[in-house]
Amino acid sequence: MPSDFVHEIPPRSGTAFELRKGQTLRVIDPRGEQVADLLAFNRSDIHEVISSGRTLDYASRIYLTTGDLLYSNRSNVMLEITADEVGRHDFLLTPCSKDTFRIIYGDTDPHRGCFGNLAAALEPYGVTEDMIPIAFNCFMNVPVDGETGELRVDPPRSKAGESVSFLAHQDLVIGLTACSALQSNNGSFKPIAYEILD
């Protein structure tokens with residue numbers, strides 16, 4: 001059954017919450033072309049965490065969608081993509097950070113980015129900065145040249161109201177952001193919404 005209401009994450013911010021085994025997390029792009037960085041930690045042992053490397057290795061491709069499983073660093077299934085209205089997400093690039101904005105954008109007073117937002121939101125659960133891995137970047141559009149390996153960040157394909165849903169295979173702690181990088185979100189910052197379905 002659906003949750004009582006949809007939660008909204010304000011632009012350039014993040015949150016953390018618990019997701020029980022068997023619940024579904026639906027991540028929604030309310031206005032379109034907005035990325036959401038998603039992390040998952042095992043609720044009973046936060047050293048077990050979502051793993052880009054293991055997930056992409058087992059899937060044998062870099063673009064994941066409905067039916068794909070997201071694995072932990074211990075090769076256990078954490079989440080399953082059960083519905084996907086967009087079909088293009090990224091699991092290669094790290095959460096944007098002060099260093100991202102300093103190195104890529106040349107900012108002299110950089111925003112703390114998704115990395116800083118995730119670290120602050122997850123701190124009450126015992127997660128430290130060094131424990132934050134590559135996030136599953138919902139709606140992020142990162143084409144890769146198959147010959148050269150060159151990648152670029154294009155505008156998300158998500159339209160207003162579209163979503164992607166994840167079934168929890170463990171009791172989890174989730175970190176989720178409304179991404180802070182202009183390039184990832186086609187030049188603007190917008191909110192992200194989510195709901196938890198039982």
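Here, the structure is the one placed above.
Criteria and cut-off values
Residues numbered from 1 in each chain as written. Predicted model: local features only at pLDDT ≥ 70, side-chain atom pairs only at ≥ 80, totals over all residues. Heavy atoms only, no water. Helix = DSSP H or I, 4+ residues; strand = E, 2+ residues; numbered from the N terminus. Buried < 20%, exposed > 50% of the residue type's maximum accessible area, 1.4 Å probe, protein only. Contact = heavy atoms within 4.5 Å. Areas by Shrake-Rupley, 256 points an atom, 1.4 Å probe, with all protein chains shown as cover. Arc of directions from axis to C-beta. Polar contact = N/O pair within 3.5 Å; in protein donor to acceptor, adjacent residues only side chain to side chain. Pairing = 2+ DSSP bridges. Salt bridge = Lys/Arg side-chain N within 4 Å of Asp/Glu carboxyl O.

Student: Looking at this structure, I do not really get the overall build of the protein chain. What am I missing?
Tutor: On a plain count of helices and strands, the protein chain comes out with three helices and 11 strands. Starting at the N terminus, the α and β elements of the protein chain follow one another as β-β-β-β-β-α-β-β-α-α-β-β-β-β. Each principal axis of the C-alpha distribution contributes one length, and for the protein chain these read about 40 × 40 × 35 Å. Sorting the 198 residues of the protein chain into buried and exposed places 51% on the buried side. When contacts within the protein chain are restricted to residue pairs at least 6 apart in sequence, those whose partners lie at least 24 apart make up 76%. For the protein chain, the accessible area works out to roughly 9,000 Å², and carbon and sulfur atoms hold 47% of it.

Student: I'm lost on unusual backbone geometry in this one. Help?
Tutor: Positioned with a positive phi, S60 is a non-glycine residue whose angle comes to about 60 degrees. With respect to the helices and strands, S60 occurs in the loop between α1 (52–59) and β6 (69–71). With phi around 55 degrees, N186 is a residue other than glycine that occupies positive phi space. For N186, the location among the structural elements is in the loop between β10 (172–177) and β11 (192–197). The exposure class of N186 is partly exposed, given its relative accessible area of 41%.

Student: How should α1 be read in this particular structure?
Tutor: Think of an α-helix as turning once every 3.6 residues; residues three or four places apart then point the same way. When we look at burial in α1, the residues that qualify are S52, T55, L56 and A59. Down the axis, α1 shows its buried residues gathered within 90 degrees of arc, on one side only. Opposite its buried face, α1 presents the exposed residues G53 and D57, each directed more than 90 degrees away. The opening residue of α1, the one whose side-chain oxygen lies 3.1 Å from the backbone nitrogen of R54, is S51. Two residues or fewer after α1 comes S60, characterised by a positive phi angle close to 60 degrees.

Student: What am I meant to see in the pairing of strand β7 (residues 77–84) here?
Tutor: The sheet contact formed by β6 and β7 spans three bridges and is antiparallel. Bridge assignment links Y71 to a residue of β7, and that residue is V77. Taking the residues that link successive antiparallel strands as the turn, the β6-β7 hairpin has five residues, and the phi of S75 there is positive, at about 65 degrees.

Student: Explanation requested: the pattern of salt bridges in the structure shown.
Tutor: Two side chains of opposite charge can pair, provided their charged atoms sit close to one another. In this structure the tally under the stated criterion is eight salt bridges. Across the pair E18 and R43 runs a salt bridge whose closest N-O atoms are separated by 3.0 Å. Here E18, found in strand β2 (residues 14–19), pairs with R43, found in the loop between β4 (36–42) and β5 (45–49); they are 25 residues apart in sequence, far enough to count as distant. The closest approach of N and O atoms between D68 and R61, which form a salt bridge, is 2.5 Å. Beyond isolated ion pairs, a larger network of salt bridges with shared partners links D45, E48 and R74.

Student: Is there a simple way to think about helix α3 (residues 113–122) in this case?
Tutor: Counting buried residues in α3 gives eight out of 10 residues, a clear majority hidden from the surface. Of all the residues in α3, the buried ones are G113, C114, G116, N117, L118, A119, A121 and L122.

Student: In this structure, what is going on with the pairing of strand β9 (residues 162–168)? I would like to understand it.
Tutor: Consecutive residues of a regular strand have side chains that alternate between opposite faces of the sheet. Judged by how many residues are buried, β9 sits mostly within the fold: six of seven residues are covered. Relative to β9, strand β3 (residues 24–29) runs antiparallel, the two being bridged by six bridges. Across the sheet, V27 pairs through a bridge with V164, a residue of β9. One ladder, built from five bridges, connects β7 with β9; its direction is antiparallel.

Student: Looking at this structure, how should I read the environment of D145?
Tutor: Inspection of the secondary structure puts D145 in the loop between β8 (136–138) and β9. Side-chain polar atoms of D145 contact the backbone nitrogen of T148, separated by 3.0 Å.

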